[in-house]
Amino acid sequence: MQQLERDDEERYRDIFAAAGLRKSHLIFPVFVSDKPGKIESMPGMTVTPVEKITEHVQTIIGSGIPSLIVFGIPKSRDRSGSSASNRKGVVQRAVRAIKSSYGSSVNVLTDVCVCQYNPSGHCGIVSSNRVDNDATLRVLAEIAASHAEAGADVVAPSSMMDGQVRAIKGALGGFTKTMIFSYSAKHASSLYAPFRSVAFAKKRSRFDKSSYQVPYANPRQVLLEIETDINEGADMVMIKPALAYLDLVRMVKDKFSYPVAVQNVSGEYAMIKAAAMRGLVDEEEWKVCSIASIKRAGADRIISYFALDVSKYL
Ligand code: PBG
Ligand code: ZN
């Protein structure tokens, strides 16, 4: 005889166990700023002011998730994104505070890019209506060094500039313990829209970043981007978004047997939240099934806004 109604919690625990997911695989995203705020497009997510960051991190550590990635939202923006590498910038202050409170009991990753810090919202330095790859590399190198100096365990370049790993590796010189997790295959996607609505200067729903982010339909380019970052010395390669790209996760894992992280992005969070709020899908079930599928595809690490929520099933 089969029991008719199983306890949901028990079912979710089984799903994660079958996928081999553990808390140590999860990385929770944290938005830091000088001003607190709710994120309208991402119900349940908040922007944490620097002075409250250690309390927020206590909740994350308390859930058993050992890793977080910091995204900064600066007060001021300029064309060269100079506030991104400021020793007293939001990210640098937050990382220092987290590390001085929790030391090695938490792994701190930082997002390294210029899009939040310049008025265009592009991931590179814009001049004469173009993204200047090499000028951006110099800025990324400075940002990464400033994050390492503040105590980041891992810097995660997300600008998709050619040579970003090599440039950062060069700048990290003395910081021999700082690792580089590179967003190697970041697809041009509207699934970043909720993130952009909170982090960028320009509130616009569409951004064309297709000249530097990878297109949906080209797995060969994905493999090339991944191989390049491995050769440049990335400690982990990353793919994002997650759900429509899980075939690539498996492909990369099989081909390179290298550590792979996947980011389950803001739009993927927002879609489940929005549908669940209208009673169209079961939120718990879809959080659990989507995270489990990312693990099953072969991800070694998963960055997800659902990480805290699902930790209770692990
Ligand atoms: C910036 C960055 C973006 C995201 C992470 N880092 C936005 C973009 O490339 O426009 C999106 C993350 C998310 O949607 O959760 N380089
Ligand atoms: Zn960017």
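Everything here concerns the structure above.
One structure accompanies this document, and this report is about it. (Residues numbered from 1 in each chain as written. Chains lettered and ligands numbered in written order. Predicted model: local features only at pLDDT ≥ 70, side-chain atom pairs only at ≥ 80, totals over all residues. Heavy atoms only, no water.)

1. Considerations on the coordination of the zinc ion (ligand 2)
Stage number 1. Around the zinc ion (ligand 2), the protein supplies Cys113 (SG), Cys115 (SG) and Cys123 (SG) as donor atoms, at distances of 2.2 to 2.3 Å.
Stage number 2. Bound by 4 donor atoms, the zinc ion (ligand 2) shows angles of 101 to 116 degrees at the metal and therefore tetrahedral coordination geometry. (Donors = N, O, S within 2.8 Å, 3.2 Å for Na, K, Ca; no water. Tetrahedral: all angles 85-135°; square planar, octahedral: opposite > 155°, others 65-115°.)

2. A few points about the environment of Gln263
Stage number 1. Along the chain, the position of Gln263 falls in strand β11 (residues 260-264).
Stage number 2. Using a relative accessible area of 3% as the deciding quantity, one classes Gln263 as buried.
Stage number 3. In this structure, the C-alpha to C-alpha distance between Gln263 and Ile294, residues 31 residues apart in sequence, is 9.3 Å.
Stage number 4. Residues contacting Gln263, with those up to four places away along its chain left out, are Phe71, Tyr183, Ile239, Lys240, Pro241, Ala242, Glu268, Ile303 and Tyr305. (Helix = DSSP H or I, 4+ residues; strand = E, 2+ residues; numbered from the N terminus. Buried < 20%, exposed > 50% of the residue type's maximum accessible area, 1.4 Å probe, protein only. Contact = heavy atoms within 4.5 Å.)

3. What to know about the site of ligand 1
Stage number 1. Close to ligand 1 lie 19 residues, the nearest being Lys186, Arg196, Lys209, Ser266 and Tyr305.
Stage number 2. Within the side chain of Ser158, a nitrogen or oxygen atom sits 2.8 Å from a nitrogen atom of ligand 1.
Stage number 3. Note that an oxygen atom of ligand 1 is positioned 2.6 Å from one of the side-chain N or O atoms of Ser266.
Stage number 4. For ligand 1, whose accessible area on its own is 410 Å², the fraction buried by protein is 100%. (Near = heavy atom within 4 Å. Polar contact = N/O pair within 3.5 Å; in protein donor to acceptor, adjacent residues only side chain to side chain. Areas by Shrake-Rupley, 256 points an atom, 1.4 Å probe, with all protein chains shown as cover.)

4. A look at the pattern of salt bridges
Stage number 1. Inspection of every chain in the model, using the stated rule, returns 15 salt bridges.
Stage number 2. Glu9 is the partner of Arg13 in a salt bridge, and the nearest nitrogen-oxygen pair spans 3.4 Å. On the criterion of helical spacing, the pair formed by Arg13 and Glu9 is a turn pair, its members being 4 residues apart in helix α1 (residues 8-19).
Stage number 3. On the basis of relative accessibility, which here comes to 35%, the residue Arg13 falls in the partly exposed class.
Stage number 4. With a closest N to O distance of 3.8 Å, Glu284 and Lys312 form a salt bridge. Taken as a pair, Glu284 in helix α10 (residues 283-297) and Lys312 in the segment after α11 (307-310) lie far apart in primary sequence, 28 residues in all.
Stage number 5. Judged by its relative accessible area of 45%, Lys312 falls in the partly exposed class. (Salt bridge = Lys/Arg side-chain N within 4 Å of Asp/Glu carboxyl O.)

5. Some thoughts on a nonpolar patch on the surface
Stage number 1. A cluster of nonpolar side chains, contributed by Leu280, Val281 and Trp286, occupies part of the molecular surface with about 280 Å² of accessible area.
Stage number 2. Its place among the elements puts Trp286 in helix α10.
Stage number 3. Relative accessible area serves as the criterion here: at 40%, Trp286 is assigned to the partly exposed category. (Patch = residues over 30% accessible without salt bridge, like charges linked within 9 Å, V, L, I, M, F, W, Y side chains within 5 Å.)

6. Describing the pairing of strand β3 (residues 46-49)
Stage number 1. With 3 bridges joining them, strand β1 (residues 26-33) and β3 adopt parallel strand pairing. Directly across from Val32, in β3, lies its bridge partner Thr48.
Stage number 2. The pairing of strand β2 (residues 37-38) with β3 spans 2 bridges and is antiparallel. Considered in β3, the bridge of Gly37 is made with Val47. (Pairing = 2+ DSSP bridges.)

7. Remarks on the nonpolar core
General note: in soluble globular proteins, nonpolar side chains tend to be found buried as a group.
Stage number 1. Judged by nonpolar contacts, the single largest core of 102 residues is most densely connected at Phe31, Leu68, Ile98 and Ile226.
Stage number 2. Apart from residues no more than four positions distant in its own chain, Phe31 is found in contact with Ile39, Met45, Thr46, Val47, Thr48, Phe71, Ile73, Phe195, Val198 and Tyr305. (Core = buried A, V, L, I, M, F, W, Y, C linked by side-chain atoms within 4.5 Å.)

8. Side note on the packing of helix α8 (residues 246-256) against α10
Stage number 1. Close contact between α8 and α10 brings their axes to 8 Å; oriented N to C, the two are set at 25 degrees. Looking at the two axes, α8 sits roughly parallel to α10. Touching Leu246, Val249 and Arg250 of α8 are Ser293, Ile294, Arg296 and Ala297, all from α10.
Stage number 2. Counted by class, the contact of α8 with α10 contains 4 nonpolar, 1 polar and 2 charged residues. (Axes fitted to C-alpha atoms, helices over the stretch in contact; angles between N-to-C directions. Parallel < 35°, antiparallel > 145°, perpendicular 65-115°, else oblique. Nonpolar A, V, L, I, M, F, W, Y, C, P; charged D, E, K, R; others polar.)

9. Overview of unusual backbone geometry
Stage number 1. Cis rather than trans, the peptide bond between Lys240 and Pro241 has omega equal to -10 degrees.
Stage number 2. Mapped onto the elements of the fold, Pro241 is located in the loop between β10 (236-240) and α8.
Stage number 3. With phi around 65 degrees, Met160 is a residue other than glycine that occupies positive phi space.
Stage number 4. Tracing the backbone through its elements, the reader meets Met160 in the loop between β8 (154-157) and α5 (164-172).
Stage number 5. With relative accessibility at 5%, the residue Met160 sits in the buried group.
Stage number 6. Non-glycine residue Ser257 carries a positive phi angle of around 30 degrees.

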